[in-house]
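As a plain string of letters, each chain reads:
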Amino acid sequence: ATIIIQGGDHTTGHDPLTGKELWRFADNPKKQTHWRLIPTPVIAGDIIFCTQPRGAMAYGFRPTPDKEMDLTTADWLYEEQTADVSSSVYYKKRLYVINEVRKTLTSIDPASGKVIWTGDLQSPARYWSSPVAADNKIYCINEDGGVSVVKATDTFKLIAYSPLEKSITKSTPAIADNKIFIRTGKRLYCIAQK
């Protein structure tokens, strides 16, 4: 087990019992001092997937102790704009990366970095929350309380776009006990089959 932490300059892996640093990946080659990081790194099989601050590029790497690791040694780079706030989700051997401003979702093979598809979420508003996955679907909720549901397959298929209510929404949905919980600025919704 390893605790993974991404900061403004490095992503590091730590022993959970001692806190000892096991490996380090440098990801701020220009030594930007104004960066702040919100998205969380995602473990995708043996790949660690990270995005740079403010929606800059993303990358995947396999951590190797006792090796200098940085963007030049990454397994792959994704040089398109990514998310400023939202974390990605790993589901059924695919990474799903939201672009909050363009309102798109991209499916990536984490082993190779190959883009499988990019699709339009048909959203009138941007996204702040992170996508979640269950039941072969990816759920994305926008800042106006609208939910985009995408099929988790090798081709992009938007199943539905449903506005719940016009309310500022920045919370990531939660999934538990075959139910999806969505908190908008006004209400908490629980959606389940009867």
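Every value quoted in this text rests on a predicted model; they were computed, and no experiment measured them.

Procedures and definitions
- Residues numbered from 1 in each chain as written.
- Predicted model: local features only at pLDDT ≥ 70, side-chain atom pairs only at ≥ 80, totals over all residues.
- Heavy atoms only, no water.
- Pairing = 2+ DSSP bridges.
- Helix = DSSP H or I, 4+ residues; strand = E, 2+ residues; numbered from the N terminus.
- Axes fitted to C-alpha atoms, helices over the stretch in contact; angles between N-to-C directions.
- Core = buried A, V, L, I, M, F, W, Y, C linked by side-chain atoms within 4.5 Å.
- Buried < 20%, exposed > 50% of the residue type's maximum accessible area, 1.4 Å probe, protein only.
- Contact = heavy atoms within 4.5 Å.
- Polar contact = N/O pair within 3.5 Å; in protein donor to acceptor, adjacent residues only side chain to side chain.
- pLDDT = per-residue confidence, 0-100.
- Salt bridge = Lys/Arg side-chain N within 4 Å of Asp/Glu carboxyl O.

### Notes on the sheet that holds strand β8 (residues 76-78)
The strand order across the open sheet built from four strands is β4-β5-β6-β8, with neighbouring strands paired in antiparallel fashion. Two strands bound the open sheet, and with one partner strand each, they are β4 (42-44) and β8. Sheet twist, expressed as the mean angle between neighbouring strand axes with direction ignored, is 25°. Sheet topology places strand β5 (residues 47-51) next to strand β6 (residues 58-61); four bridges connect them, and they run antiparallel. From the neighbouring strand, threonine 51 faces β6, where its bridge partner is alanine 58.

### What to know about the nonpolar core
Within the largest apolar cluster, 13 residues are counted, with the highest numbers of intra-cluster contacts made by Tyr96, Ile98, Leu105, Leu121, Ile138, Cys140 and Val150. Broken down by secondary-structure element, the contributors of at least two residues to this core are β9 (89-91), β10 (94-99) and β14 (137-141). If near-sequence neighbours (up to four positions away) are discounted, leucine 105 is found in contact with Tyr96, Val97, Ile98, Trp117, Thr118, Gly119, Leu121, Ile138, Cys140 and Val150.

### Quick word on the pairing of strand β11 (residues 104-108)
Counting buried positions over the five residues of β11 gives five, a clear majority of the element. Of the two faces of β11, the one carrying Thr104, Thr106 and Ile108 and the one carrying Leu105 and Ser107 are both buried. Pairing analysis gives five bridges linking β10 to β11, with the strands arranged antiparallel. Within β11, the position partnered with tyrosine 96 by the bridge is serine 107. In this antiparallel pair of consecutive strands, β10 and β11, the connection spans four residues, and lysine 103 shows a positive phi of 60°.

### A few points about the environment of arginine 24
Tracing the chain through its elements places arginine 24 in strand β3 (residues 21-26). A sequence separation of 91 residues divides arginine 24 from valine 115, and the C-alpha atoms of the two residues are 26 Å apart. Discounting chain neighbours no more than four positions away, the residues touching arginine 24 are His10, Thr11, Thr12, Lys67 and Met69. At 3.3 Å, the side chain of arginine 24 and the side chain of histidine 10 are in polar contact.

### Observations regarding the confidence of the model for the chain
Considering every residue of the chain, the mean pLDDT works out to 93; 100% of them sit at 70 or more. Mean pLDDT across the elements of the chain ranges from a minimum in strand β19 (residues 188-191), with 93, to a maximum in β9, with 98.

### Some remarks on the pattern of salt bridges
Under the counting rule described, the total for this entry stands at nine salt bridges. Glutamate 21 is paired through a salt bridge with arginine 24; the nearest N and O atoms lie 2.9 Å apart. For arginine 24, a relative accessible area of 38% translates into the label partly exposed. Across the pair glutamate 165 and arginine 187 runs a salt bridge, and its minimum N-O distance is 2.8 Å. Of the two residues, glutamate 165 sits in the loop between β16 (158-163) and β17 (174-176) while arginine 187 sits in the loop between β18 (179-183) and β19, which places them 22 residues apart along the sequence. Members of the salt-bridge network, linked through shared partners, are Asp46, Arg62 and Asp75.

### Some remarks on the side chain of asparagine 99
Tracing the sequence through the fold places asparagine 99 in strand β10. Among the polar contacts listed, one links the side chain of asparagine 99 to the backbone oxygen of glutamine 81, at a separation of 3.2 Å. Asparagine 99 has contacts with Gln81, Thr82 and Thr104, leaving out every residue within four places of it along the chain.

### A word on the environment of tyrosine 91
Along the chain, the position of tyrosine 91 falls in strand β9. Exposure remark for tyrosine 91: the relative accessible area of 15% places this residue in the buried category. In this structure, the C-alpha to C-alpha distance between tyrosine 91 and leucine 188, residues 97 residues apart in sequence, is 25 Å. Those residues within four positions of tyrosine 91 in sequence are excluded, and the remaining contacts are Tyr96, Ala133, Ala134, Asp135, Asn136, Lys137, Ile138 and Ala152. Polar side-chain contacts of tyrosine 91 include one of 2.8 Å to the backbone nitrogen of asparagine 136.

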